[in-house]
Amino acid sequence: MTLKASSTRMAPKRPSDLERELSYQTFAAGNAGFVGGGTTNAGETFLRSIKALPPVEEEAALSLTAPPPSKLGEEEAAPGKEKKRIGLFALFRYSTRSEKWLMVLGAIMAGIAGLSMPIWLLLLAQSLEVFNQIGTIIAQGGSIDILLDQMYSLIYSFAIVGAISLVSGTTYVATWTYVGERQTLRIRQKFVGSALRQEMAWFDVSVGGDPQELPVLAANALGRIQVALGRSIADTFANLLSAAGCLAVSFGLDAPLALFMLCILPVIGIAIGIVSCYIRKNSGLALVEFTSAGAFASEVLTGIKTIASLRAEMWAAGRYTDQQLRAQKFSVRSQFYSKLATGIMGFLFYVTYTFAFIFGTDQAAQRAETEASFLSPFACWFRTDCGIHGSEVMVCIYGVILTAQFFALMSPGINAINLGRTAAAEIYGAIERTPEIDSTDDVKGAKLGDKYDGSIDFQHVVFAYPSRPKDVIFRDFNMKVESGSAIALVGPSGSGKSSLSKLLLRLYDPIGGDIVVGGVPLTEVNLKWWRSNIGYVSQEPSLFPGSVRDNIAAGKLDGEATDEEAKAAAKAASAHEFISDLPDGYDTFYSGSSIQLSGGQIQRISIARALIRNPKILILDEATSALDTASERTVQDALDRIRAERKLTTVTVAHRLSTILNSDKIVVIADGSIQESGTHKELVKLGGIYATLCEGQGLTADAADHSKDATAGVAGPESSLTKSVAAEDGADEEMAIPGAETDEKVEEADDGGPDMTGLSSRLKEHSKADTGYAILGYAGSMVVGGLPAGEAILFGMITGNFFTISDADQMRSTNFELSLWFLLLAFLSFVGNVCMGVGLSVSGSRLTRRMRALVFDKLMRYPMGWFDYAEHSTGELTTALEEDSETVSNVTGLSQGQRIQVFACLAAGLIVALIYSWQVGLVAIACVPLILGSSYIRARYASREPVNDSPISPATLLERSFADIIVLQAYGLQEDVANRYSVSLEPDMKWKKKQAGWSGLAFGLAQFAVFGTFALIFWVGIKLMIAQKLAFTDFFVALLSIMFSSFGAGQSGADFSARKQGLEAAARLFELSDGVVDDEDDPLSDKGTKPEIKGKVQFKDIEFAYPTRPASKIYYRKGDRGGFTLDIDSRQSVAFTGRSGCGKSTALQLLLRFYRVNSGAVEVDDEDVADINIGHLREHIGYVGQMPVLFAGTVRENILLGKPDATEEEIVEAAKSSNAHEFISSFAAGYDTEIGVGGSLLSGGQRQRVAIARAIVKNPKLLVLDEATAALDNESEKIVQAALDRMQDTNPRTTLTVAHRLQSVKGCDKIVVLGDGGVKEEGTHSELLDLGGLYHTLWTKQSGE
């Protein structure tokens, strides 16, 4: 089984705030057991722990140890079978000896801390009895010296228990927190090191073939292990001892009453269990909807230019709002059921109090009757057969309630431990798994050394990917590669070309046959040595976080390279010039952002990395696909020179046949075998598959000869073409390393920070429509908050009557009447919690939904340049939408209700204390800072996040490493990356050590505050009683009111820190929503003219630089020439060509008004696009980008985005025009087929064709195609191009096309060659060839004519 990863961008996260809060509150809340009859703290914690669990129907485990599919039938668990877990003690498998001793010490201290409450109960029972005796003797006029000494001893005992709790609580929390973090970090390091070593088959099985999902999936599992290894075990152990101790005290004091009260617990358990099912169900449904909304937001923001071109902003906002409304519905239900359960629990507890006190009063009355039968009022002080005393009744009731609460508090800990054991079975299994193909082993296998000449022989190879064993790629594949030869692999998509490169790298082993190298089967060759002799460049270029120099040097076996070596490799890869123009040259830091370097630049650095290792075999898997013709030719010439200088076996996979014309052998692969083999000339003359492919790309049999002649003229490093390449690197369109201006901008933003003023009032304004719900919820909060004070009065009066009323019948009748008041509290508890659930869940959830919609709607209005800045990346914005919007709920909703409840509890308790004893009340007020001190420490120190000054975070390093796992393994970088990851975690470990200490101190101080305050109040109370200034009942009511209020206030610290976090999140959201967008740039604005669009386009003397790099101009004046100037007549087809960075795509984006020009003008039908309504303009433009952007939904829904009111006939016709109808019809659901997030269920070519259909269906006046057929194979490209040409003939429209494949645009009315900041050449295909300029050179390189 595999764990489904959320589609939202999500970096690996620490355990959730909920898990941290549960862990922190577990024992602390237990000590607050009798606040609100156990409903305020333990009940809330228990119910929140239920919500923290995944819903039953969706819970799954990450399968990191799964065997290959061939073995799954033998080992896969049957449906419904319990997931594998490791033993409890096996969790600590990776702990050191010192850590184990620390955990033992922590467990002992946890046990001591857990026994503090039972000891407190015993001391309380004795104290009440002594108090009563002192009062009785004072009334009789006797001496109380002996009893006073005894009372002071008890008071000292309270203080001692508090001191012991301070030490034990601080020690066990700090110890277990620190040791748990250390173990988790060690496990994380071991897991990463092991995972990076695993063969690709393991990734195919464990994460469905997508290694970049592994960090997110593993983060969830490691987070569960971290919670389990942290305080969960110690907290559970402490709660177990507390529960057992309290139950033992209750049975020891009053066994009949304890048994009576225990009978109600199954009823409570059943009721809460039923409601909990609804909580988990709705929490799971809410999570699903929130996840879907987050994935959709990520899709939209990633493809924001596509959204803008389609005028789909309102569609996106509407769909996002609909998803939020569905999520809100389930979220409200979940929160309501949570408060309903709390209300039911409170109701049943208070009902239990009623009958318990009636039962206990009868016991105390029987003792009173026994005492009355003796002559001396002090007789029962010295006898054990008088019955149950009132103090024992009260403490027994406390004890049973606390027992129930402590057992409830064990639930989140047990759940966390079990989840951790399940996750550990997978994580530990992965750590201990020995890879079937291990490239880090430097011993196993033969090292061929210098005698290996680079020859390769595929002998009867049979291969299928482990994840698709029935889909056989090769059945009996044979191919021999001679030493030093250049072999090119061509063929249709899916024929197995790239699979051969993976087999050569031994990322997989064939399931039959052998690959023989140097006369030895590859499986018997040392893999580390083998890969060290291979240079590999993949189709999708990839770099790792670090400097450009480090990335090139990674190709060296030791990862070290001199400046001369790095520059030589960069020059060979045609990369030196643009690297030198980067802000820091070879020291420029690459963080992994696509904004920093273009695809072509990344690919050239990747080629340099392959060349620097001086390999014997070079594997190029579409290695030059992202390069323009000039750069591709330069790199190809460099490779040819290298092959001439030394024996280098080259295996090339290519779609662009012009790059392989000079190969020694071209192999055509189809249907799992070699269909044709020979040189370019031989295969063209053969007239088979290869000849057809060449015909489609305009290549003749003599193209190879022409290519060699052209190479001789331009291949040298000082050739005019190379110089022009170098000259234009400075104006690279896609190079987005911010310059000084950008740095200043960032500094100003950092200095300003979010505006924190007036946030509460603004949030209230957004919640104004729900004022009625909010008032209802706040009223319920105040009612629930006031319950402990009423409870204290009843407890105190009933307990006081045990001591002050000697007549048994009067005691029964009086306490019976008082006990019935608990039924009123039961009713108020139920109603108050229901009001909170209804009012605050609705108001809070609606505010969260409004904030998300507010920000999302504003994001749809921002101009494209705004999204280019790093602080406005998709990751940052989705984080704001999901996490910040959710955090805002801490300011309102149930969190606000909890704060009101806390303050109501504190205020009511202090008021009652002041009424019954103003002296005790004042002492309590003086102790409030001590009570709140622990909360302050936790909010101020223990909850702070670490500051990581590293330029790259551990999460980003991990994400990039697994995303490029093939390249990483090909270059043997596993150990290096694992070491870098370990080093990157060290600052986090230092911070966790400090945090553990602060957390322990906060917890220990909280315990000391409770017991210390109790001791002080007892001491004051005894002094007042001796002075006869305070009656026993008044003292006891005041004491209990202070105790209840202090326990409630002890929970306020987390609320205050959460409120601050919520306000900070609100400030960030308002900063996004308050951004100023000019009406001219607002796609939803009505401002601007709406002329009839016919399609005439003019670029007039344009100068332009992207906002993020104003110093690097794309279009600029040069000599006597002005800026970029070009005239395009209506219904004319125009193609833009030139090298990467010359401004081809920029021209299309300026036409679409994605950016404003710095000077000059873009005109459509003689009107400046700046004056035309931006929505009206885009409505008449069809746009298809190089990387097709589709959205989750059906094929039909995606095509309809081009024209929402399109008929079925129009949809089908558009699909036919883009050569998409046939494959769409082959789906079982046809046009209603779900295509997955981002169209992930379609191939790249299929996605591109659907995107073209979407542009065509709107029948635009202008069609803009930015490398629209780049992702198609030759045959599909030919068909789609023919369809586009046919459309142009039957329904002419202005068409602007960007293309590197010149064959696809030679029929355009005008071809424009861009360079040097403007137009270098323009004309028809034949005119430009006759001109003999740059276009002629580029055409020659591709066609060989």
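Quick note: structure is the one above.
Residues numbered from 1 in each chain as written. Predicted model: local features only at pLDDT ≥ 70, side-chain atom pairs only at ≥ 80, totals over all residues. Heavy atoms only, no water.

Peer 1: How should unusual backbone geometry be read in this particular structure?
Peer 2: For residues other than glycine, phi is negative in most cases, and the peptide bonds are mostly trans. A positive phi is found at Arg 506, a non-glycine position, where the angle reads about 55°. Relative to the assigned elements, Arg 506 resides in the loop between helix 12 (497-504) and strand 4 (512-517). The exposure class assigned to Arg 506 is buried, which follows from its relative accessible area of 10%. One non-glycine residue, Asp 1101, lies in the positive phi region at around 50°. Relative to the assigned elements, Asp 1101 resides in strand 13 (residues 1097-1105). (Helix = DSSP H or I, 4+ residues; strand = E, 2+ residues; numbered from the N terminus. Buried < 20%, exposed > 50% of the residue type's maximum accessible area, 1.4 Å probe, protein only.)

Peer 1: Would you explain the nonpolar core in this entry?
Peer 2: In a soluble, globular protein the nonpolar side chains are often hidden away together inside. Grouped together as the largest cluster of nonpolar side chains are 121 residues, with contacts concentrated most on Tyr 172, Phe 191, Tyr 428, Trp 530 and Ile 552. With residues near it in sequence (within four places) discarded, Ile 552 still touches Ala 566, Ala 569, Ala 570, Ile 579, Tyr 586, Ile 605, Ala 608, Arg 609 and Ile 612. Counting 98 residues, the second-largest nonpolar core is a separate cluster that includes Ala 271, Leu 348, Val 1010 and Phe 1036. (Core = buried A, V, L, I, M, F, W, Y, C linked by side-chain atoms within 4.5 Å. Contact = heavy atoms within 4.5 Å.)

Peer 1: Whenever I open this one, the packing of helix 26 (residues 808-859) against helix 29 (residues 893-916) confuses me. Can you help?
Peer 2: How two helices sit against one another is set out by the angle between their axes and by the gap between those axes. Look at helix 26 against helix 29: their axes get within 7 Å of each other, and the N-to-C directions meet at 130°. Between helix 26 and helix 29, the angle falls in the class oblique. Contacts between helix 26 and helix 29 involve Met 836, Leu 840, Ser 841, Ser 843 and Gly 844 on the former and, on the latter, Gly 893, Leu 894, Gly 897, Gln 898 and Gln 901. Grouping the amino acids of the contact of helix 26 with helix 29 by side-chain chemistry returns three nonpolar, seven polar and no charged. (Axes fitted to C-alpha atoms, helices over the stretch in contact; angles between N-to-C directions. Parallel < 35°, antiparallel > 145°, perpendicular 65-115°, else oblique. Nonpolar A, V, L, I, M, F, W, Y, C, P; charged D, E, K, R; others polar.)

Peer 1: How do you make sense of the packing of aromatic side chains when you look at a structure like this?
Peer 2: Remark: the centre distance and the inter-plane angle together describe each pair of aromatic rings, the angle taken between the planes. Within this structure, the stated rule accounts for 34 aromatic pairs. Arranged with centres 5.1 Å apart and planes meeting at 5°, the rings of Phe 260 and Phe 359 form a pair that is stacked. Residue Phe 260 is found in helix 7 (residues 214-262), and its partner Phe 359 is found in helix 10 (residues 313-372); the two are separated by 99 residues along the sequence. Assessed through its relative accessible area of 34%, Phe 260 is described here as partly exposed. Measuring from centroid to centroid gives 5.9 Å for Phe 1223 and Phe 1227, while their planes differ by 75°, and the two rings are edge-to-face. An aromatic cluster is present here, built from Tyr 350, Tyr 353, Phe 357, Tyr 398, Phe 795 and Phe 822 joined pairwise through their rings. Stacked on the ring of Tyr 971, the Lys or Arg Arg 609 has its end atom at 5.1 Å from the ring centre. Sitting over the face of the ring of Phe 1070, Arg 762 holds its NZ or CZ atom 3.8 Å from the ring centroid. (Phe/Tyr/Trp six-rings, centres within 6.5 Å; stacked < 30°, edge-to-face > 60°. Lys NZ or Arg CZ within 6 Å of the ring centre and 35° of its normal.)

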